[in-house]
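Residues per chain are reported as follows:
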Protein chains: 2
Amino acid sequence: VLSAVKNARELGIADFILCGDKEKIKVLLEEIGDSQGNYDIRHSAGYEEAANAAARLVTDKDALTIMKGRIQTGTLLKILLKDEYSFKTGKTMSLSGVFEIPDFPRLLIVSDPGMVPYPTLEQKVDIINNAVIVASAIGIEIPKTGILASVETVNLKMQATMDAAVLSKMADRGQIKGTILDGPFALDNVVSEESAKHKGIISPVAGKADIVIVPDIDAGNLLYKALIFLARAKVATTILGGGVPIILTSRADSEESKLYSIALNVLLSGVKK
Amino acid sequence: VLSAVKNARELGIADFILCGDKEKIKVLLEEIGDSQGNYDIRHSAGYEEAANAAARLVTDKDALTIMKGRIQTGTLLKILLKDEYSFKTGKTMSLSGVFEIPDFPRLLIVSDPGMVPYPTLEQKVDIINNAVIVASAIGIEIPKTGILASVETVNLKMQATMDAAVLSKMADRGQIKGTILDGPFALDNVVSEESAKHKGIISPVAGKADIVIVPDIDAGNLLYKALIFLARAKVATTILGGGVPIILTSRADSEESKLYSIALNVLLSGVKK
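Residues numbered from 1 in each chain as written. Chains lettered and ligands numbered in written order. Predicted model: local features only at pLDDT ≥ 70, side-chain atom pairs only at ≥ 80, totals over all residues. Heavy atoms only, no water.

Caption draft 1: Here's a closer look at the overall build of chain A. Looking only at helices and strands, one finds 10 helices and 10 strands in chain A. The C-alpha radius of gyration of chain A comes to 20 Å, within 12% of the 19 Å expected for a compact globule of 273 residues. Across its three principal directions, the C-alpha atoms of chain A cover 60 × 40 × 30 Å. Counting every position in chain A, which comprises 273 residues, the buried fraction comes to 53%. Put simply, of all contacts in chain A between residues at least 6 apart along the chain, 65% involve residues at least 24 apart. Only carbon and sulfur atoms are counted for the fraction: they give 51% of the accessible area of chain A, which is about 12,200 Å². Put simply, chain A has 31 plus and 33 minus side-chain charges, and the middle of one group is 2 Å from the middle of the other. (Helix = DSSP H or I, 4+ residues; strand = E, 2+ residues; numbered from the N terminus. Rg over C-alpha atoms; globule rule 2.2 N^0.38 Å. Buried < 20%, exposed > 50% of the residue type's maximum accessible area, 1.4 Å probe, protein only. Contact = heavy atoms within 4.5 Å. Areas by Shrake-Rupley, 256 points an atom, 1.4 Å probe, with all protein chains shown as cover. Lys, Arg positive; Asp, Glu negative; His and termini not counted. Charge placed at Lys NZ, Arg CZ, Asp CG, Glu CD.)

Caption draft 2: Molecular detail of the relation of the copies chain A and chain B. Under the fitted operation, chain A is carried onto chain B by 0.0 Å of movement along the axis and a turn of 180°, and the coordinates agree to an RMSD of 0.0 Å. Considering both components of the superposition, the chain copies are consistent with a two-fold axis. Take the interface residues of chain A: 100% of them recur as interface residues in chain B, which is what a same-surface contact looks like. (Least-squares fit on C-alpha atoms with pLDDT ≥ 70 in both.)

Caption draft 3: Region of the structure containing the interface of chain A and chain B. In this complex, chain A contributes 38 residues to the contact, which on the side of chain B involves 38 residues. For the pair chain A and chain B, the summed buried surface comes to about 3,200 Å²; carbon and sulfur atoms form 69% of the total. Looking only at chain A, the three residues that lose the most surface to chain B are Asp218(A), Leu222(A) and Leu230(A), adding up to 22% of its buried area. Joining chain A to chain B, the criterion identifies four salt bridges. Of the charged contacts in the structure, one is a salt bridge between Asp103(B) and Arg232(A), with a shortest N-O distance of 3.2 Å. On inspection of chain A and its partner chain B, the count reaches six residue pairs in polar contact (both at pLDDT 80 or more). Residues belonging to the side of chain A that touches chain B are distributed by class as follows: 25 nonpolar, six polar and seven charged. (Buried area = accessible area lost by both parts, 1.4 Å probe. Salt bridge = Lys/Arg side-chain N within 4 Å of Asp/Glu carboxyl O. Polar contact = N/O pair within 3.5 Å; in protein donor to acceptor, adjacent residues only side chain to side chain. Nonpolar A, V, L, I, M, F, W, Y, C, P; charged D, E, K, R; others polar.)

Caption draft 4: Region of interest: the pattern of salt bridges. Residue and element names in this part refer to chain A. Per the counting criterion, the structure on display carries 22 salt bridges over all chains. With a closest N to O distance of 3.6 Å, Glu 10 and Lys 6 form a salt bridge. With Glu 10 and Lys 6 both in helix α1 (residues 2–10), this residue pair falls four residues apart, about one helical turn. Across the pair Arg 42 and Asp 40 runs a salt bridge whose closest N-O atoms are separated by 2.9 Å. Through salt bridges with shared partners, a single network forms among Lys 6, Arg 9, Glu 10 and Asp 34.

Caption draft 5: Structural view of the environment of Ser136(A). All names here are of chain A. Considering the arrangement of structural elements, one finds Ser 136 in helix α5 (residues 121–137). Judged by its relative accessible area of 47%, Ser 136 falls in the partly exposed class. Here the alpha-carbon distance between Ser 136 and Gly 178, two residues 42 residues apart in the chain, equals 9.2 Å.

Caption draft 6: Structural view of helix α2 (residues 22–31) of chain B. One side-chain oxygen at the N-terminal end of α2(B) lies 3.0 Å from the backbone nitrogen of Glu23(B); it belongs to Asp21(B). Once α2(B) finishes, Gly33(B) follows within two positions and takes phi at roughly 75°, a positive value.

Caption draft 7: Summary view of helix α10 (residues 255–268) of chain B. Residue and element names in this part refer to chain B. Its 14 residues place the ends of α10 20 Å apart at the C-alpha level, agreeing with the 20 Å of an ideal helix rising 1.5 Å per residue. Along α10, the positions that sit buried rather than exposed are Ser 257, Lys 258, Leu 259, Ser 261, Ile 262, Leu 264, Asn 265, Val 266 and Leu 268. Close packing links the buried residues of α10 with α1 (2–10), β3 (66–67), β4 (94–100), α5 (121–137), β9 (234–240) and β10 (246–247). (Expected span 1.5 Å × (residues − 1).)

Caption draft 8: Spotlight on the side chain of Lys225(B). Within the fold, Lys225(B) resides in helix α9 (residues 217–229). Note on Lys225(B): relative accessible area 13%, which makes it buried. Beyond its immediate chain neighbours, meaning those up to four positions away, Lys225(B) contacts Ala186(A), Leu187(A), Asp188(A) and Leu230(B).

Structure follows, in structure tokens:
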């Protein structure tokens, strides 16, 4: 994380306030050829104190986004969501990944591959709204959203296809705004115009999705991992739904991906340096 | 389909008996620069008669595999499964895809991305057994099988992880044979040794899976389509579980994929020309 932070700082993407054990931070910064003089460091005795310090910074508007270090995700979220801080909104928090895929002609936003495991329809609406905000931040004014299932027809034995039908009609009736939305689709129907044509699908989203909404974490995590590990895609992620966008990258994410996630969250927090 | 058939014939992979309307077949063969003299053509007045003819060929051991043409999958299967033919076995029929993924160091077998939508554990055992047969046909003696979920830990709120734990223990106790099997895993844990190391996973399957078993069709179809359309993988597919392996490629499959599927099914039917 600190290597990504150093890169982002040197590229002029963001300034950072580091919350944690000052001595340990100093040692880590030296290890990567950086120095404590480049940061505003707020000493905290442990992970929980550090998370509280970060939550306070955000509440006081001294910071506009939070990035997780080594603290457990659950611990961080529990502290952020305390009543005394401004982070809690009551809305669904969801993960969006923005993928750059070799030879694919545009960025593809995938949500939610990891935050809400088995979303209800109500949560799926929030997930869509959050993904539309991400699209807007990266310059896509009216994104096209495909609701994914395993087929493009409504199958009354497949919940994912029925959820997609419901969300689709909600968009038709103006209950989901800011995106051209359709579903159900199999993935190929929204990423390949040829495939959509083969199936005879007439839809503004056919072959042209900017956003794809996955049925659940089992499907979403497979897509996410296949894109990174088998399609050699690059990704930036963000969690929206709280008072500020947050970055919860994991150890398995590359340093490059962490840097991209910082850049995405800076865009999302409205800070364009 | 006929173009793939022509290629397979010219490459010496298989001989073909064509069941269908003789006049139409003749016209189609001429269109692709082939001739009826190269085939044993059994005239049938319609799709159903053609399917019955194919089922009879297999029952009489005059053919060792069946490839679907324009007939609907449901119609073909219903006819194949009639009591008067030898195709019906009572076992679960499942789809396996053998993927060649650019820059990935081995073939990866994915099952079941489309035949059994939401398999029970009993069906998952059959799905694994079928995939192990596919591995054997392509020369992998003791394949490594990873049962996929979205995480590598057993999560009591995630059915896919519990199914994986059960299957894993069944393999430990010798109830699933012919493969080194473990799960649950996220996809990266079994395709990337680095990722497995990051997570501290100790398993003979970590980073080394030959076979991955997906939780359900929603997840499996996404993986399948992501590999083909975004990772530019090539695939050969087969349906095992009936009396003979069958090829049910769809219009959206490339001609190359159809050819590979023929080759795979020839291997599976024990005919090595």
